[in-house]
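Below, each chain spelled out in residue letters.
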Amino acid sequence: MPIMDLSALLRASGESDDALARREIAREHLASYSMPTGREEVWRYVDLDFALGDFELAPPPGADTPPTEDEATDASARAQIVDGAVVAAAARADGLRCERVAGGEESLVPADMDIFTAAHDAFCSEWVEIAVDKGKAIELPVVVDVSALSSAASFPGVRVDVADGAELTIAIRLDSADDVAALVVPHIEGRVGANANLTVVVDQEWGRQTKAIGQLVFSVGRDSSIQLAEAGLGGALARWQLNIKLAGQGSNAQVIGAYFGDRDQTLDYRYVMHHAAPNTHSTMFLKGAVEDEAGSIFTGMIRIDEEAQRTDAFQTNRNLILSDGASSQSVPNLEILANDVKCGHASTVGQLDPEQRYYLMSRGLDPMRADRLQVRGFFQEALNRFPVPEMVEPLRERFYQKYLDAQAGGRV
Amino acid sequence: MSNALEIRDLRAGIGDLEILKGVDLEIPFGEIHALMGPNGSGKSTLSHALMGKPEFTASGSVLLDGTELLGRPVDERARLGLFEAFQYPVEVPGVSLDEFVAELADAAGNGSFQERVATATAELGMERFIDRPINEGLSGGEKKRSEMFQMAIALPKVAVLDEIDSGLDVDAVREVAGLVERARSDALGVLLITHYSRILNYMEPDRIHVMIDGRIVRSGGPEVAAELEATGYETLRAELGLVPERDPLLDLP
Ligand SMILES: Nc1ncnc2c1ncn2[C@@H]1O[C@H](COP(=O)(O)OP(=O)(O)OP(=O)(O)O)[C@@H](O)[C@H]1O
Ligand SMILES: [Mg+2]
């Protein structure tokens, strides 16, 4: 049954009457939302060729759901979300909690942003909650796998709480098979206390037919820092709206991104860095490429509140168009209400540099090899900044492989 | 000895602009020739036209060890044995020199390449910046050193070194001159483009050519450099009855 026509919501195991009743109200509200038209500023440039109502709600995964392989990478905790349901969550480190929670506290993402956040409010019945105790530095990363198995809509939720003085790294991997035509609306959100540090690395590799409309929302406390890196490789449409609020004095954020759209992929980034306190510092550094008929969108907003004096903020977005049919939008925005700030942006959309190609070829490399090297270097500038070095090597190869495939397919 | 490089009536330009207006030059194997000339006379254009830089059109003939280069793509010229050390080495962000060398080794696919890399790395003290992005953030001298390193591993038949001495301190100039002299062999011809006779003090060029306005107007032995040093290009222009093209820089006090 299509998602909009459901007669009743299914209670998640452990979900309280109150929580279910709240979701029922949210579901009724959903009827008053319509799909974005593209005229809204945050939906510009993206063409949504589907309606939420086209999808059924993903059924709870069966007991035969394959568990995450216990990989060689050590983890302090592991969680697995399949079709929106939390099928595994366990921590192995002292001072760290990683568990499935039905219902729970209010989300950092306002439900009324759009039809997708409203739907998340109604249909996300269980979350992975990760919390690290005061003063605890957890050395190994928490690994969270989010996947879609059925061609239906799912609403995964991951909530992170980093207490004062604590340190945590989370690696989030998102994927689905190429034949899964799912709509996934993942919400990943977190609060970082004072003097704390959170590192998040997102490895996005949705299958070719999966559409993902996600939220990354964090609030950062006094003298704390967040590093957030995303590698965007998959999806028919993969969109992230990011909002980092530097809420405490002296807090800082570093956002890094590398993305590569091939064939008819659309990769859509709407990033907001919100400086809400004095002496806050932020950088965004994203590099992306598109080939064939792929499209990418980056709109970056640095918002500096009136009280956020002595803020230092910079955003960089560089795009490489590798085929005539590909397109890339890069739109930096600044909204500055304080007067004592350092703030800037650099944004480019360009093609492979003929001078570099000439130089590399003059040493004997054929044009295919020369371009490969240039593309590799292009991504390396972003990937080298990724905070979890063990994740970088495989990513490097996957970005490179994507370009090799494009060359082999004669698309670039 | 046969010719490493034989240039006949080479004309090159960009669009409608003719920059090289008929260049003839022969460099036998085993010889080092210097090419001098005022700013904008066409020296780098010659070097790029030999290499086949796409924006330049070229006509005439360029034989490298008897093989015609004109009409061939850049990488093929390189594989045939031409090496160009760039006056302005190009930055390749994000690609370290050793990654580049690994790609070259993979493309070359033979064992002796690795040996040359090891030797050249040690000889030129490349360890310090081999893991840094190509030419990015390197000092002027380091860039030139990197070019010499790449020449050493390319093992070319003809090396065109475009101002390999510019931006170098006195010691570095002497060192580079030494490297060029050491590279001298019966299997190599060198065209060394320079503004300064200083580098020529540390090496023994077999011939010196002077280019003005896209033509080689004088060729001779080491005495040509001394002559130029004493009189400058304007005197030579006047002697040859060449009308000087107005250079606004000359009007500066
Ligand atoms: N890409 C280009 N577009 C337009 N004109 C060019 C281009 N490249 C070279 N030229 C012109 O051709 C002439 C010769 O330039 P070239 O760089 O060959 O001189 P050069 O002898 O190497 O000078 P220098 O000693 O300053 O390096 C100059 O007038 C230059 O402006
Ligand atoms: Mg020059």
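My aim in this report is to walk through the structure given alongside it, one point at a time. (Residues numbered from 1 in each chain as written. Chains lettered and ligands numbered in written order. Predicted model: local features only at pLDDT ≥ 70, side-chain atom pairs only at ≥ 80, totals over all residues. Heavy atoms only, no water.)

This next bit is on the overall build of chain A. Looking only at helices and strands, one finds five helices and 21 strands in chain A. Expressed as a percentage of its 412 residues, the buried residues of chain A come to 59%. By sequence separation, contacts in chain A at least 24 residues apart represent 83% of the contacts at least 6 residues apart. Total accessible area on chain A is roughly 16,200 Å²; 46% of this is exposed by carbon and sulfur atoms. (Helix = DSSP H or I, 4+ residues; strand = E, 2+ residues; numbered from the N terminus. Buried < 20%, exposed > 50% of the residue type's maximum accessible area, 1.4 Å probe, protein only. Contact = heavy atoms within 4.5 Å. Areas by Shrake-Rupley, 256 points an atom, 1.4 Å probe, with all protein chains shown as cover.)

Now for the overall build of chain B. Scanning chain B for helices and strands turns up eight helices and 12 strands. Against the globule reference of 18 Å for 253 residues, chain B gives a C-alpha radius of gyration of 18 Å, in line with a compact fold. Along the first, second and third principal axes, the C-alpha set of chain B runs to 55 × 40 × 35 Å. Counting the 253 residues in chain B, one finds 52% classified as buried. A separation of at least 24 residues holds for 68% of the contacts in chain B among residues at least 6 apart in sequence. (Rg over C-alpha atoms; globule rule 2.2 N^0.38 Å.)

Another point: the pattern of salt bridges. One pass over the full model with this rule turns up 47 salt bridges over all chains. Put simply, K287 of chain A and E381 of chain A hold a salt bridge, and the shortest N to O gap is 2.6 Å. Of this pair, K287 of chain A sits in strand β17 (residues 281-290) while E381 of chain A sits in helix α4 (residues 367-383), and the two are 94 residues apart along the sequence. The buried category is assigned to K287 of chain A, whose relative accessible area is 3%. Note that R8 of chain B is salt-bridged to E6 of chain B, the shortest N-O span being 3.6 Å. One salt-bridge network, held together by shared partners, links R97, E99, E129 and R159 of chain A. (Salt bridge = Lys/Arg side-chain N within 4 Å of Asp/Glu carboxyl O.)

The reference angle at a metal is 109.5 degrees if four donors form a tetrahedron and 90 or 180 degrees if six donors form an octahedron. All names here are of chain B. Only S44 (OG) and Q87 (OE1) from the protein reach the magnesium ion (ligand 2) as donors, at distances of 2.0 to 2.1 Å. With S44 in helix α1 (residues 43-51) and Q87 in the loop between β6 (82-85) and β7 (92-96), the pair connects residues that are 43 residues apart, well separated along the chain. Classification of Q87 as buried rests on a relative accessible area of 17%. (Donors = N, O, S within 2.8 Å, 3.2 Å for Na, K, Ca; no water.)

All right, on to the site of ligand 1 then. All names here are of chain B. Taken together, 15 residues surround ligand 1, and among them G40, K43, S44, T45 and H195 come closest. Within the contact set of ligand 1, an oxygen atom lies 2.7 Å away from a side-chain nitrogen or oxygen of K43. Contacts to ligand 1 include S44, whose backbone N or O atom sits 2.8 Å from an oxygen atom. Compared with its free state, where it exposes 630 Å², ligand 1 has 63% of that area covered by protein. Those elements giving two or more residues to the shell around ligand 1 turn out to be β2 (17-28) and α1. Of the residues in the shell around ligand 1, the class split is four nonpolar, eight polar and three charged. (Near = heavy atom within 4 Å. Polar contact = N/O pair within 3.5 Å; in protein donor to acceptor, adjacent residues only side chain to side chain. Nonpolar A, V, L, I, M, F, W, Y, C, P; charged D, E, K, R; others polar.)

Further remarks concern helix α5 (residues 389-408) of chain A. Helix length check: α5 of chain A (20 residues) gives 29 Å between terminal C-alpha atoms against 28 Å at 1.5 Å per residue, within 8%. Along α5 of chain A, the residues classified as buried are M391, V392, L395, R396, F399, Y400, K402, Y403, A406 and Q407 of chain A. In this structure, the buried residues of α5 of chain A make contact with β8 (167-176), β11 (197-205), β13 (225-232), β15 (252-261) and α4 of chain A together with α3 (97-108) of chain B. G410 of chain A lies just past α5 of chain A and shows a positive phi near 65 degrees. (Expected span 1.5 Å × (residues − 1).)

For the rest of this paragraph, the subject is the pairing of strand β16 (residues 266-275) of chain A. On a regular strand, each side chain points to the face opposite its neighbour's, so the side chains alternate between the two faces of the sheet. Residue and element names in this part refer to chain A. The element β16 is extensively covered by neighbouring structure, given that nine of its 10 residues are classed as buried. Pairing analysis gives 10 bridges linking strand β14 (residues 237-246) to β16, with the strands arranged parallel. Along β16, the bridge assignment pairs Q241 with R270. (Pairing = 2+ DSSP bridges.)

Residues L10, L46 and F149 of chain B are the most contacted members of the largest nonpolar core, which totals 86 residues. Here this core takes six residues from helix α6 (residues 170-183) of chain B, the largest share from any one element. The residues touching F149 of chain B, leaving out its near neighbours within four places in the chain, are L97, V101, V117, A120, T121, L124, M126 and I130 of chain B. Of all hydrophobic cores here, the second largest spans 53 residues; its members include V128, V146, V184 and L198 of chain A. (Core = buried A, V, L, I, M, F, W, Y, C linked by side-chain atoms within 4.5 Å.)

Glancing now at the interface of chain A and chain B. The interface is formed by 21 residues belonging to chain A together with 33 residues belonging to chain B. At the boundary of chain A with chain B, total buried surface from both sides reaches about 2,200 Å², with 60% on carbon and sulfur atoms. For the pair chain A and chain B, the number of links is five salt bridges. Within the residue set of the side of chain A that touches chain B, elements represented by two or more residues are α3 (354-361) and α4 of chain A. Counting residues per element, the side of chain A that touches chain B draws most heavily on α4 of chain A, at nine residues. (Buried area = accessible area lost by both parts, 1.4 Å probe.)

All names here are of chain A. Across the six residues that make up strand β1 (residues 77-82), a large majority, six, are buried. Because side chains alternate across β1, one face comprises the buried residues A77, A79 and I81, and the other comprises R78, Q80 and V82, equally buried. One ladder, built from six bridges, connects β1 with strand β5 (residues 142-148); its direction is parallel. By the bridge assignment, R78 is partnered in β5 with V143.

On to the environment of S225 of chain A. Residues and elements named next belong to chain A. Mapped onto the elements, S225 comes out in strand β13. With 49 residues separating them in the primary sequence, S225 and S176 have C-alpha atoms 31 Å apart. The residues contacting S225, other than those within four sequence positions of it, are V192, A196, N197, L198, V220 and N252. A distance of 3.0 Å separates polar atoms of two side chains, one belonging to S225 and the other to N197.

Our focus in this paragraph is the packing of α3 of chain A against α4 of chain A. Residue and element names in this part refer to chain A. Interaxial distance between α3 and α4 falls to 9 Å at its minimum, and their mutual angle equals 125 degrees. The angle between α3 and α4 falls in the class oblique. For the crossing formed where α3 meets α4, the hand is right-handed. Here Q356, R357, L360 and M361 of α3 lie close against α4, whose contacting residues are P367, A370, D371, L373 and Q374. (Axes fitted to C-alpha atoms, helices over the stretch in contact; angles between N-to-C directions. Parallel < 35°, antiparallel > 145°, perpendicular 65-115°, else oblique. Left-handed = near helix turned anticlockwise from the far one by under 90°.)

All names here are of chain B. Read from one edge to the other, the open sheet built from four strands follows the order β2-β1-β4-β5, with strand pairing classed as antiparallel. The strands lining the two open edges of the sheet, one partner per strand, are β2 and β5 (67-68). Pairing analysis gives seven bridges linking strand β1 (residues 3-14) to strand β4 (residues 57-64), with the strands arranged antiparallel. Within β4, the residue paired with R8 across the bridge is S61. Helix-sheet contacts for α1 involve β1, β2 and β4, and the interaxial angle to β1 is about 110 degrees.

Attention now moves to unusual backbone geometry. Residue and element names in this part refer to chain A. At Y45, a position not held by glycine, the phi torsion is positive, near 75 degrees. With respect to the helices and strands, the residue Y45 is situated in the loop between α1 (17-30) and β1. You can call Y45 partly exposed: its relative accessible area is 36%.

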